[in-house]
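Residue-level structural notes
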Amino acid sequence: MKKLSARRRHPLAALVVLLLALACTGGLYAVFAPTSPAKADETAQSLTIEEGKKLYSVGCASCHGTGGQGTSDGPSLVGVGAAAVDFQVGTGRMPAATSQGPQVPAKKNIYSQAEIDQLAAYIASLGAGPSVPTEEQYGPEGADIAEGGELFRTNCAQCHNFTGKGGALTHGKYAPTLEGVSAKHLYEAMQTGPQNMPSFPDTTLSEENKKDIIAYLDAVNSDKTESPGGLELGGLGPVSEGLFGWIFGLGGLIAVAVWVAARTAKAKKS
Amino acid sequence: MSSQDIPEENLPAEHAGRDEHGHDAVSVPDDKHPFADPGLPPHEHRVQDVDERAAKRSERSVALLFTVSMLATVAFIAAFVAIPVDKSVFIFPLGHISALNFALGMTLGIALFCIGAGAVHWARTLMSDVEVADERHAIAATPEVREKVFADFKQGAKESALGRRKLIRNTMLGALTLVPLSGVVLLRDLGPLPGTKLRHTLWSKGKLLVNMNTNEPLRPSDVAVGSLTFAKPEGLEEHDHEFQNEIAKAALMIVRIQPENIKDKRELEWSHEGIVAYSKICTHVGCPISLYEQQTHHVLCPCHQSTFDLSDGARVIFGPAGHALPQLRIGVNDEGYLEALGDFEEPVGPAFWERG
Amino acid sequence: MSTAQERRKAPAGERVADWADGRLGIYSLAKANMRKIFPDHWSFMLGEICLYSFIIIILTGVYLTLFFHPSMNEVEYHGSYVPLQGQLMSEAFASTLDISFDVRGGLLIRQIHHWAAIIFLAGMFVHMMRVFFTGAFRKPREINWMFGFLLFVLGMFTGFTGYSLPDDLLSGTGVRFTQGAILSVPIVGTYISMFLFGGEFPGTDFVARFYSIHILLLPGIMLGLVVGHLILVFYHKHTQFAGPGRTNKNVVGMPLLPVYMAKAGGFFFLVFGVISALAGIATINPIWVLGPYRPDQVSTGAQPDWYMGFAEGLIRAMPGWEVNFWGHTLVLGVFIPLVLFGVFLGIIALYPFIESWVTGDKREHHILDRPRNAPTRTGVGVAWVTGYIIMLIGGGNDIVATHFHLSINTVTWFVRIGFFLGPVVAFIVTKRICLGLQRRDKEKVLHGRESGIIKRLPHGEFIEVHEPLSQEQMYTLTAHEQYQPAEIGPTVDENGVERKVKGSEKLRAKLSESYYGEGAQIPKPTAEEYREITSGHGHH
């Protein structure tokens, strides 16, 4: 958002606004335009898809194309599946504020879960893809935390850090922190590989594996996680430990040294 | 200040400063020496020196600190006995922490700190604070002592006849030079010679690529475009004695790139339908490199940020690595599983002198 | 008879002392040292921080050896930490988990040990800088400077071998890096690596080998150096800042017994107390979340402890140069940082000898310089620290990138350029600041202190009243020596024969000029200047 406000006064801002307005108009037109091939059956599912399509036209079509075929501003959504939509929209990444910047950040989600489901149904109808996981798939029952830890260190820690605190990628991209990310979204991210994250489909990282990883994260990176030794210092390893040691350790000791060596107050001369 | 120690040629011409420097002894500033050293200022009394009540207060403070220390030690022992080792408590800015560790740390800290604080407060307020000047003495010996030492040494050297009897001297030096060699030789069995160990991995023709996560051999259909998979050679199990050494060389990173997006010809040749297998071990200093960005096909090393382009023969595009990641040539066997078509053609991991 | 009775009545303490003196000669030692004088200044206690944290490290380290198993045998974990249940790990890692979770107080001692190590190294760094910037390394203390420097370097390696012992994923990555760096050494690299690790990396030997290096070899050498360092401090007597009554021939302060016994002894407890409290509230190296080492696993944010951070920065900033010739590979991308690591540290270690060569000064120095009065030295020091800090930033470039929303590539480029540019800029800026401060001191001596009081003179002019400095202040501000640049001696000897001027002589003259030449220092106020101004007081 900061970036947006900084660019508000950019000479091209007016043009961008105009284009956005045009895109929205175009989107609106697409909603009402009779071109979409309406399906004959009147099931609830197709209604949902229909609703989703409307939402799509307003919020997504400007970048992803009116039929989800993708444009230069956004990739094709054919075959990404409902799980991808649920993740992208559910974590607020989509719709993206701007396509600038190295990476689209997570932000406040502006859709209700029902709307997200509708959008997801529409996208799923464009081509087969991973569907939204069920509670059973990502829930904690029967998960092996220790196994999840090993899997996490093999597959995830290289980008997201030991306990999912996040880390840097090339050219300003980053692997975000996994703190506070819901189990469902974790599952969907692994399955669909949002943005630059590679996917970990069930064929290579089984459902059981994913469940274990989610359970591990819940154990080591949630608000109830124990840090027996005390302050966690961001869980970033030696950099924050070193800073803490310098500032509070050595800094504190120097403050003590100043007291030890200082002159004692003299009696006032009368 | 004596200048006799400064060889004439090296002497910085700081005679201008000499005057000021000579004022060490002058204690009364006059016209010639306006900046003269007035000498140690007279001692000023502290409150505690003149007011017995203040001194009493200091005494009580010191005693209080020592008493607090005693109490803290008792609390330390109590905490050690009373708090279970696995008990966790929530303490506001610290989070869910071990109750025992926190209690022991704080009580020990207080017990020690109060001893120190008491001693320092005692020294600062009740012990004499009169500043005393202590004379320094030159560290170098007087010329007489120096003469004597040299004379003694010459006498000793002469009596040993070391200079005269060259044979003794030379053989002794020879013996003393040789004898440490036995120590060096003893270090030989610290490890084997390198041989070709760094050149070979467990991979060989026909070895299946086994998924690290599921421990199942991989099929081409398992590997989707944009996914990332890690593999080990068939037959290598975590419980194996040599697992760590072997995985350190054999670890594999598998991605699938649309064949038309593969820029390097050899890479395409060595792939299977766009599935490429690269060594997971960075060619810089050997970190397991695997920060794969599926849109750019860049893979970044988390240790030193070497960046490789997996769509272009894994060549280095940023960072300190000196050469591309080695690629493993793969194919599919009769049963439809991915298999290696041989070992890596170049050594994996960090470069070394014999690598060539 | 009465004397015999008195002797019998001598208190027990005295009798014990007599007994010891008869065997150890302690009285002559005590005579020289019991009332030894130590000057009071907070910065003189930095070394004590190091000494005490070293003692704390030894005490806690001995405790840890009682529980730690320096073995790389693979075991399955069945201790109390749930997220690692059933995982394969080395015995070293498992025993460290036991120390942390099952031994009461074990976690505290581990954390004290590690925090004390962080503070030990940080303390040595600051102590070394204090000695550097005040010129305390000058004759007769050059050897002690070298002792201190060696302690710093050995401390770095003791720390490195120490944090590698638990065989966790983070430290294992560090060991892997070390092995990769060793491999880059031309000709012998692969041999050293094979010998150090008992074969291929990681092997099953390095924990046990690092263990004996960490607990025996390096601390043994360090203990010897610490003792030597302290003996020399006692022998040379402490330096002091210039001030009234403080000369190069005396040392002014409080006696060891009782004041310094209480202050220094008390300070030990203060240091120990602060570090214990720190270990009670802040976690360090939580190996249980890092997991056991596997050569095919890694985490982002893989950094060494801070004191190795600048080496990490060097290696991260280096471009990937590699030269292949005649079937051999010269891994410059790793080997150059390895060499630079030594050279960069070596510069600061050798500086005292360079400076004493430039000044040609062979006298003893016991009065400390204020950093401003040695602008070139201060500039060199700040330049060095700047280079060091830039490399520290480089060592944490990924953390810097994520926390300041920067591109990691930009940060790396900043470090690459900054390493060369930063020290130069720092040198110039520092020197100018020093000269500015010198000028201000001169002003103060000649014109007095600005009092902030504005006075209107009878004829209407406004002036600020300047308060003259006290004699103490004037002395303190003018007590420093100023060198004149050394010139190349006469090029013809007394017989008129021309001699050849050596290159080193020319270099020295040049350096000396840049140290003490025109514009490199502000001449101290002279008695004449002062007289002129004070006699002219009143008219303004």
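Under an unreviewed UniProt entry, the name given to chain C is Cytochrome bc1 complex cytochrome b subunit, and the organism recorded is Streptomyces violaceus. Under the heading Cofactor (unreviewed entry), UniProt records this for chain C: "heme". Listed under Catalytic activity (unreviewed entry) in UniProt, the entry text for chain C is "a quinol + 2 Fe(III)-[cytochrome c](out) = a quinone + 2 Fe(II)-[cytochrome c](out) + 2 H(+)(out)".

1. Remarks on the UniProt feature "domain: Cytochrome b/b6 N-terminal region profile" (unreviewed entry) in chain C
Per the UniProt record, "domain: Cytochrome b/b6 N-terminal region profile" (unreviewed entry) is found at residues 16–242 of chain C. Helix makes up 68% of residues 16–242 of chain C and strand 4%. Its end C-alpha atoms lie 42 Å apart.

2. A short note on the pairing of strand E2 (residues 95–98) of chain B
Residues and elements named next belong to chain B. Pairing geometry for strand E1 (residues 88–91) and E2, over four bridges, is antiparallel. Directly across from Ile91, in E2, lies its bridge partner Gly95. Linkage of E1 to E2, two consecutive antiparallel strands, is achieved through a turn of three residues.

3. Brief notes about helix H11 (residues 207–220) of chain A
Residues and elements named next belong to chain A. The terminal C-alpha atoms of H11, which comprises 14 residues, lie 20 Å apart, in line with the 20 Å expected from a rise of 1.5 Å per residue. Where burial is concerned, most of H11 is hidden: eleven out of the 14 residues are buried. Looking only at H11, the buried set comprises Asn209, Lys210, Lys211, Asp212, Ile213, Ile214, Ala215, Tyr216, Leu217, Ala219 and Val220.

4. Section: the sheet that holds strand E11 (residues 315–318) of chain B
Residues and elements named next belong to chain B. Strand order across the open sheet formed by four strands is E8-E9-E10-E11, with antiparallel pairing between neighbours. This sheet does not close on itself; its edge strands, each paired only once, are strand E8 (291–293) and E11. Averaged over all pairs of adjacent strands, the angle between strand axes in this sheet comes to 30°, irrespective of strand direction. The sheet contact formed by strand E10 (residues 307–309) and E11 spans three bridges and is antiparallel. Bridge pairing links Asp309 to Arg315 in E11.

5. A short note on the confidence of the model for chain C
All names here are of chain C. Residues with a pLDDT of 70 or more make up 98% of chain C, whose mean pLDDT is 91. For chain C, per-element mean pLDDT is lowest for helix H1 (residues 2–9), which scores 57, and highest for helix H6 (residues 106–133), which scores 97. The ipTM, which scores confidence in the relative placement of chains, is 0.91 for this predicted complex, and the corresponding pTM is 0.90.

6. Focus on unusual backbone geometry
Here Met94(A) and Pro95(A) are connected by a cis peptide whose omega angle stands at -5°. Here the bond from Phe201(C) into Pro202(C) is cis, since omega is -10°, no more than 30 degrees from zero. Topologically, Pro202(C) is positioned in the loop between helix H9 (189–197) and helix H10 (206–236). Phi at Trp326(C) takes a positive value of approximately 45°, unusual for a residue other than glycine. For Trp326(C), a count of 5 C-beta atoms within 10 Å puts it in the exposed group.

About the thresholds
Residues numbered from 1 in each chain as written. Chains lettered and ligands numbered in written order. Predicted model: local features only at pLDDT ≥ 70, side-chain atom pairs only at ≥ 80, totals over all residues. UniProt positions renumbered as here; feature names shortened; annotations may be inferred. Helix = DSSP H or I, 4+ residues; strand = E, 2+ residues; numbered from the N terminus. Pairing = 2+ DSSP bridges. Expected span 1.5 Å × (residues − 1). Buried ≥ 20, exposed ≤ 12 C-beta atoms within 10 Å, placed from the backbone. Axes fitted to C-alpha atoms, helices over the stretch in contact; angles between N-to-C directions. pLDDT = per-residue confidence, 0-100.

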